[in-house]
Amino acid sequence: MPLKGLLANLLNLNPIVSKDADGHSMVFGKTFSQKANMKKVMAHIDRTSRNRPLWNYIVMHANNRPAADYWYARQMKALTATPPVAEVNI
């Protein structure tokens, strides 16, 4: 799908990629900025974890420690009242 990638790049679309239950990659959202992407991920976590116990979590990043340390970890701690078990550069 090179044409889709080219169009997404031209429009500055940022996909939000996750894994399904079988371990296959899937796109569950698209945004026009990294900050909007991060907020959409947190909204998804909030929605899917509401009224469910959370016993731990890990914040993972791809060479973006500031986003992981200073944004996601703080947002997750505010949401769960628990710090991450680890922060991992993938």
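Up top is the structure.
The structure reproduced in this document is the subject of the present report. (Residues numbered from 1 in each chain as written. Predicted model: local features only at pLDDT ≥ 70, side-chain atom pairs only at ≥ 80, totals over all residues. Heavy atoms only, no water.)

## Comments concerning the pairing of strand β4 (residues 86–89)
Heads up, the condition is: Here a strand pair is declared whenever DSSP counts at least two bridges between the two strands. Secondary structure counts use DSSP, requiring at least four H or I residues in a row for a helix and at least two E residues in a row for a strand, with both numbered from the N terminus. A clockwise path from the first strand over the helix to the second, with the strands pointing away from the viewer, defines a right-handed crossover.
The pairing of strand β3 (residues 58–61) with β4 spans 4 bridges and is classified as parallel. Within the sheet, the bridge partner assigned to Met60 lies in β4 and is Val88. Traced from β3 through helix α3 (residues 65–80) to β4, the parallel crossover comes out right-handed.

## Thoughts on the environment of Met38
To keep things clear, this is the line we draw: Exposure is judged per residue with a 1.4 Å probe applied to protein chains only, and the accessible area is read against the type maximum: over 50% gives exposed, under 20% gives buried, and values in between give partly exposed.
On the secondary structure map, Met38 appears in helix α2 (residues 34–49). A relative accessible area of 7% places Met38 in the buried class. Between the C-alpha atoms of Met38 and Gln75, which are 37 residues apart in sequence, the distance is 10.0 Å.

## Concerning the packing of α2 against α3
Condition: Note on geometry: axes are lines fitted to C-alpha atoms, helical ones only across the stretch in contact, with angles between N-to-C directions running from 0 to 180 degrees. For classification purposes, angles smaller than 35 degrees are called roughly parallel, those larger than 145 roughly antiparallel, those between 65 and 115 roughly perpendicular, and all remaining angles oblique. Should the near helix be turned anticlockwise from the far one by less than a right angle, the crossing is left-handed, and should it be turned clockwise, the crossing is right-handed. In what follows, residue pairs with any heavy atoms lying within 4.5 Å of each other are defined as contacts. Note on residue categories: nonpolar means Ala, Val, Leu, Ile, Met, Phe, Trp, Tyr, Cys or Pro, charged means Asp, Glu, Lys or Arg, and polar means any other residue, Gly included.
Taken N-terminus to C-terminus, the directions of α2 and α3 make an angle of 25 degrees; their axes are 11 Å apart at the nearest point. For the element pair α2 / α3, the angle class is roughly parallel. Remark: the crossing between α2 and α3 carries right-handed chirality. Listed contacts from α3 to Gln34, Lys35, Asn37, Met38, Lys39, Val41, Met42, Ile45, Asp46 and Ser49 of α2 are Ala67, Trp71, Tyr72, Gln75, Met76 and Leu79. When its residues are assigned to classes, the contact of α2 with α3 shows 9 nonpolar, 4 polar and 3 charged.

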